[in-house]
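# Structural characterization, general
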Amino acid sequence: MVVDARGLGCPKPVIMAEEALATIDEGVVDVLTDNEASVKNLTRFAAKGGFYAESIQEDGYWKVKIVKGYPCEVAAGGAGPATQAAPAPGEYVEPEKDVLLIIGSDVMGKDEDLGKVLMKGFFDTMRVTKEVPHTIFFLNAAVRLTTTDEEIVPLLKEIEKTGVEIFTCGTCLKHYGLERELKVGYRGTTNHIVEGIKDFRRTVWIG
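The present account deals with the structure reproduced in this document. (Residues numbered from 1 in each chain as written. Predicted model: local features only at pLDDT ≥ 70, side-chain atom pairs only at ≥ 80, totals over all residues. Heavy atoms only, no water.)

## Details of the pattern of salt bridges
This is how it is decided: Between Lys or Arg on one side and Asp or Glu on the other, a salt bridge is scored when a side-chain nitrogen of the former is within 4 Å of a carboxyl oxygen of the latter. Put simply, DSSP marks the helices as runs of H or I at least four residues long and the strands as runs of E at least two long, and each gets a number from the N terminus on. Burial here depends on accessible area, computed with a 1.4 Å probe over protein chains only, as a share of the maximum for the residue type. Under 20% is buried, over 50% is exposed, and the range in between is partly exposed.
Applying the stated criterion across every chain yields a total of 8 salt bridges. A salt bridge links Arg144 to Asp106, with the nearest nitrogen and oxygen atoms 3.2 Å apart. Taken together, the residues span a long stretch of sequence, with Arg144 in the loop between strand S7 (135-138) and helix H4 (152-161) and Asp106 in the loop between strand S6 (97-103) and helix H3 (112-129) at a distance of 38 residues. Asp106 gets classed as buried once you look at its relative accessible area, which sits at 17%. Among the ionic pairs, Lys116 bridges to Glu112, the shortest N-O distance being 3.8 Å. Here the residue Lys116 and the residue Glu112 both occupy positions in helix H3, the gap between them amounting to 4 residues, near one helical turn. Residue Glu112 is classed as partly exposed on the basis of its relative accessible area, which comes to 49%. Overlapping salt bridges bring together Asp124, Arg127 and Glu158 as one network.

Written out as structure tokens, the structure is:
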């Protein structure tokens, strides 16, 4: 199976790979990407899932082979100097990602009116200074910031363009009846928080 994720930034190639692997019991998924950061994310994703993976540099892009369901060697012809093998399952890897920012409320502090002003100022400052985390995860009432908040959504879209990965808790979207209102980023799960313990150097919680 071939997944063509060329032209797509993180985390889309990983999401597409995960969806493709979920459709098969065993086999090989070849993910094509022209984003070197996605190559690293795909091989780390494979290692955490217990899959074998290797990346092969082609003409202007990479092909990441992910093997699921049986021990085997990836088809001959892909090995060579450009091949990058995934870490073995369970092997410790120094985190490459810096900060996971978790937002748990649509306001900062107890005063609601002031809290909305502070939250807007927080993201506006982040946008202007480009001092951004690797990933932002929105949960609980903070899901309003990625859905119905007309002041915050444009700021988050600009922040996302700098390469920040943005996720919103799918369970929380359902709870607030906002499943069809997501305007920036992707749906996520609490796995993003649990994995943040190992994947990020720091986890910062606001709200």
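From this point, things continue past the structure.
## Digging into a nonpolar patch on the surface
Defined as follows: Like charges are joined within 9 Å and nonpolar side chains (Val, Leu, Ile, Met, Phe, Trp, Tyr) within 5 Å, but only among residues with over 30% relative accessible area and no salt bridge; these make up the patches. All accessible areas in this document rest on Shrake-Rupley with a 1.4 Å probe, and a residue is counted as covered only by the protein chains that are shown.
On the surface, a nonpolar cluster with roughly 270 Å² of combined accessible area is contributed by Leu114, Val117 and Leu118. Looking at the secondary structure, you find Leu118 in helix H3.

## Re the pairing of S7
Rule in force here: Two strands are counted as paired when DSSP detects at least two bridges linking them.
Burial of the side chains of S7 extends over both faces: Thr135 and Phe137 are buried on one face and Ile136 and Phe138 on the other. In terms of strand pairing, S6 meets S7 through 4 bridges, oriented parallel. What sits directly across from Ile102, in S7, is Phe137. Relative to strand S8 (residues 165-169), S7 runs parallel, the two being bridged by 4 bridges.

## Quick word on the nonpolar core
Soluble globular proteins tend to bury their nonpolar side chains together. Quick reminder of the rule: Nonpolar cores are built from buried Ala, Val, Leu, Ile, Met, Phe, Trp, Tyr and Cys residues. Side-chain atoms within 4.5 Å join them into one set.
Of all hydrophobic cores here, the largest spans 19 residues; its most connected members are Leu21, Val29, Val31 and Ile66. For this core, the elements supplying multiple residues, two or more each, are helix H1 (12-22), strand S2 (27-33), helix H2 (36-49) and strand S4 (62-68). If one sorts the elements of this core by residue count, H1 sits on top with 5 residues. In terms of nonpolar packing, the next biggest core, distinct from the first, is built from 18 residues, Leu101, Met119, Phe123 and Ile206 among them.

## Concerning the side chain of Lys68
To keep it simple, the criterion reads: Polar contacts, as used here, are pairs of N or O atoms within 3.5 Å; protein pairs need one atom able to donate a hydrogen and one able to accept it. Residues neighboring in sequence count only if both atoms are side-chain atoms. We call two residues contacting when some pair of their heavy atoms lies within 4.5 Å.
Looking at the secondary structure, you find Lys68 in strand S4. Among the polar contacts made by the side chain of Lys68, one reaches the main-chain carbonyl oxygen of Leu21 at a distance of 2.7 Å. Residues contacting Lys68, with those up to four places away along its chain left out, are Leu21, Ala22, Ile24, Asp25, Glu26, Gly27 and Phe51.

## Remarks on the side chain of Thr146
Tracing the chain through its elements places Thr146 in the loop between S7 and H4. Look at Thr146 and you get buried, because its relative accessible area is 0%. In this structure Thr146 touches Phe138, Val153, Leu156, Ile166, Thr168, Glu181, Leu182, Lys183 and Val184, once residues within four positions along its chain are discounted.

## Considering the pairing of S8
Rules: By convention, orient the strands away from the viewer: a clockwise path from the first strand over the helix to the second makes the crossover right-handed.
Most of S8 sits inside the fold, with 5 of its 5 residues counted as buried. What you see with S8 is no split at all: Glu165, Phe167 and Cys169 on one side and Ile166 and Thr168 on the other are buried throughout. Following the backbone out of S7, through H4 and into the adjacent parallel S8, one traces a crossover that is right-handed. Across 3 bridges, the pairing between S8 and strand S9 (residues 186-188) is parallel. Looking at the pairing, Cys169 lines up with Gly188 of S9.

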